[in-house]
Amino acid sequence: MRERPTVLVTAPLPDDLRDLVAARTDMVATTADALAAPDEALAQRMKEAVGLLTTIRVKIDDDFLDRCPKLKVVSNFAVGFDNVDLEVVQRRQVMICNTPGVLDAAVADIATVMLLCLGRRIFQNDRFVREGSWAKGPAPYSLDIAGKTLGLLGMGRIGRLVAERARAFGLKVAYYKPNRDGEAEAAGLANYLERDALFAESDFLSVHCPLTPKTRGSIGAREFALMKKSAFFVNTARGGIVDEAALIAVLREGRIAGAGLDVMVKEPIPGDHPLCSLPNVILQPHIGSATHETRRAMIELAVRNVLAAVEGRQPEAVVDTAKAA
Ligand code: GLV
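Residues numbered from 1 in each chain as written. Predicted model: local features only at pLDDT ≥ 70, side-chain atom pairs only at ≥ 80, totals over all residues. Heavy atoms only, no water.

1. Concerning the overall build of the chain
Here's step 1: Within the chain, the secondary structure is distributed over 14 helices and 12 strands.
Here's step 2: Taking 20 Å as the expected radius of gyration for a compact globule of 325 residues, we find that the chain reaches 22 Å, a close match to that expectation.
Here's step 3: Based on the C-alpha atoms only, the size of the chain along its principal axes is roughly 75 × 45 × 35 Å.
Here's step 4: Counting the 325 residues in the chain, one finds 48% classified as buried. (Helix = DSSP H or I, 4+ residues; strand = E, 2+ residues; numbered from the N terminus. Rg over C-alpha atoms; globule rule 2.2 N^0.38 Å. Buried < 20%, exposed > 50% of the residue type's maximum accessible area, 1.4 Å probe, protein only.)

Shown next, in the form of structure tokens:
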């Protein structure tokens with residue numbers, strides 16, 4: 001009988017998928033922390049591994065691949081792949097797979113909900129009632145959503161769904177991305193604006209681009225200074241796209257109205273993180289895709305990807321690392 005391929009698994013597998021992977025591979029269930037500091041037995045398994053099914057907590061770089069010299073495929077349980085050094089995996093010919101498509105609606109929902117909650121002061125009003133302030137007088141007014149401008153920084157699958165949802169609420173939608181999306185424009189989903197104009201004209205600015213070496217830290221003091229004092233910033237993409245210190249400064253000083261963040265630079269953040277003390281910020285624990293249905297679809301796709309790759313078939317979702325770099 002042909003030897004089964006060794007596959008390291010740090011992604012959380014439901015029982016039925018764990019049984020499937022265990023039946024078709026020599027599966028090594030482990031954790032990101034264990035892979036970072038493996039004992040002798042795990043270090044040996046890492047030397048044999050041809051596949052890795054993982055969350056983005058495992059950094060894929062030269063050091064990791066030196067310890068997994070036979071690795072052929074990394075299947076991320078995520079659409080993002082900012083845990084991967086793209087230059088390194090191209091040079092070492094390691095295939096990267098991800099889970100595009102299946103999480104778009106769930107993430108678009110969270111971005112849309114956050115902008116609605118910010119505009120209508122939902123979280124402030126919740127605190128207002130619980131703290132007993134209502135009995136002392138009416139709550140401050142919030143804002144109409146209809147007629148405001150939503151700026152989308154990035155217009156991929158998720159951005160498009162946010163545009164659709166936003167249009168149902170009567171928002172005007174604009175977008176910027178380096179390569180114009182003629183299809184989205186022709187479909188009437190969003191108007192194109194230059195990048196600076198997008199920051200300047202938006203009442204809500206929502207981030208929908210990937211974290212890459214080019215986008216890391218690309219939204220900072222300069223961009224926040226372009227925004228209206230009344231505008232809200234929403235990020236459901238990756239914290240690292242933003243200069244977090246600059247964001248905290250403009251929020252603290254009221255130079256923008258507020259922010260809704262599902263992602264931070266270093267996750268998880270502790271309860272005493274400066275963002276947690278800002279009353280004009282809504283925080284979520286990186287749960288854009290964390291619904292039962294979506295996470296199930298993601299893990300199924302991630303499993304199909306890794307099994308296909310280690311069994312010599314073409315996986316459904318392979319990242320074009322040259323294009324992404
Ligand atoms: C979640 O953040 C993902 O990249 O899937």
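2. Quick notes on the domain arrangement of the chain
Here's step 1: In terms of domain boundaries, the chain breaks down into domain 1 (6-102 + 293-324) and domain 2 (104-283).
Here's step 2: Placing a centre on the C-alpha atoms of domain 1 and another on those of domain 2 gives a separation of 32 Å.
Here's step 3: Listed as interface residues are 9 residues of domain 1 and, on the opposing side, 6 residues of domain 2.
Here's step 4: Summing the contributions of domain 1 and of domain 2, the shared interface buries around 630 Å²; its carbon and sulfur component is 49%.
Here's step 5: Here domain 1 and domain 2 share 1 salt bridge between them.
Here's step 6: Its salt-bridge partner being Arg-238, residue Asp-82 comes within 2.8 Å of it at the nearest N-O pair. (Domains from an automatic or database assignment. Contact = heavy atoms within 4.5 Å. Buried area = accessible area lost by both parts, 1.4 Å probe. Salt bridge = Lys/Arg side-chain N within 4 Å of Asp/Glu carboxyl O.)

3. Here's the deal with the sheet that holds strand E4 (residues 73-76)
Here's step 1: In space, the 5 strands of this open sheet follow the order E2-E1-E3-E4-E5, with parallel pairing throughout. Edge positions in the sheet fall to strand E2 (26-29) and strand E5 (95-97), since each has one partner strand and no second. Taking each pair of neighbouring strands and ignoring which way they run, the sheet shows an average axis angle of 15°.
Here's step 2: Of the pairings in the sheet, the one linking E4 to E5 comprises 3 bridges and is parallel in character. (Pairing = 2+ DSSP bridges. Axes fitted to C-alpha atoms, helices over the stretch in contact; angles between N-to-C directions.)

4. Re the nonpolar core
Here's step 1: Of all hydrophobic cores here, the largest spans 76 residues; its most connected members are Ile-219, Phe-224, Phe-233 and Leu-247.
Here's step 2: In terms of residues, this core owes the most to one element, helix H6 (residues 104-119), which gives 9 residues.
Here's step 3: Both domains that furnish three or more residues to this core are identified here as domain 1 (6-102 + 293-324) and domain 2 (104-283). (Core = buried A, V, L, I, M, F, W, Y, C linked by side-chain atoms within 4.5 Å.)

5. Describing the packing of helix H1 (residues 15-24) against helix H13 (residues 292-310)
Here's step 1: Running from N to C, H1 and H13 point in directions that differ by 5°, and their axes come no closer than 11 Å. When the axis of H1 is compared with that of H13, the two are roughly parallel. Along its contact with H1, which presents Asp-16, Leu-17, Leu-20, Val-21 and Arg-24, the element H13 presents Arg-296, Ile-299, Glu-300, Val-303 and Leu-307. (Parallel < 35°, antiparallel > 145°, perpendicular 65-115°, else oblique.)

6. Digging into the packing of aromatic side chains
Here's step 1: Scanning all chains against the criterion turns up 4 aromatic pairs.
Here's step 2: Residues Tyr-175 and Tyr-192 carry aromatic rings whose centres are separated by 5.6 Å and whose planes lie at 75° to one another, so their mutual orientation is edge-to-face. You can see Tyr-175 sitting in strand E7 (residues 172-176) and its partner Tyr-192 sitting in strand E8 (residues 191-192), a full 17 residues away along the chain.
Here's step 3: Exposure remark for Tyr-175: the relative accessible area of 0% places this residue in the buried category.
Here's step 4: Grouping aromatic residues by their ring pairs yields a cluster made of Tyr-175, Tyr-176 and Tyr-192. (Phe/Tyr/Trp six-rings, centres within 6.5 Å; stacked < 30°, edge-to-face > 60°.)

7. What about the sheet that holds strand E10 (residues 232-235)?
The pairing of strands in a sheet happens through backbone hydrogen bonds and is either parallel or antiparallel.
Here's step 1: Taken together, the 7 strands give an open sheet; going across it, the order is E8-E7-E6-E9-E10-E11-E12, and neighbouring strands pair in parallel fashion. At either margin of the open sheet sits one strand with a lone partner, and together these are E8 and strand E12 (281-283).
Here's step 2: By the bridge criterion, 4 bridges tie strand E6 (residues 149-153) to strand E9 (residues 204-207) in an arrangement that is parallel. By the bridge assignment, Leu-152 is partnered in E9 with Ser-206.

8. Notes on the pairing of E9
Here's step 1: Side chains Phe-204 and Ser-206 of E9 all project onto a buried face; the interleaved residues Leu-205 and Val-207 project onto the opposite face, where all are buried too.
Here's step 2: With 4 bridges joining them, E9 and E10 adopt parallel strand pairing. Pairing of Phe-204 across the sheet is with Phe-232, part of E10.
Here's step 3: Considered for its hand, the β-α-β crossover made up of E9, helix H11 (residues 221-226) and E10 is right-handed. (Right-handed = clockwise from strand over helix to strand, strands pointing away.)

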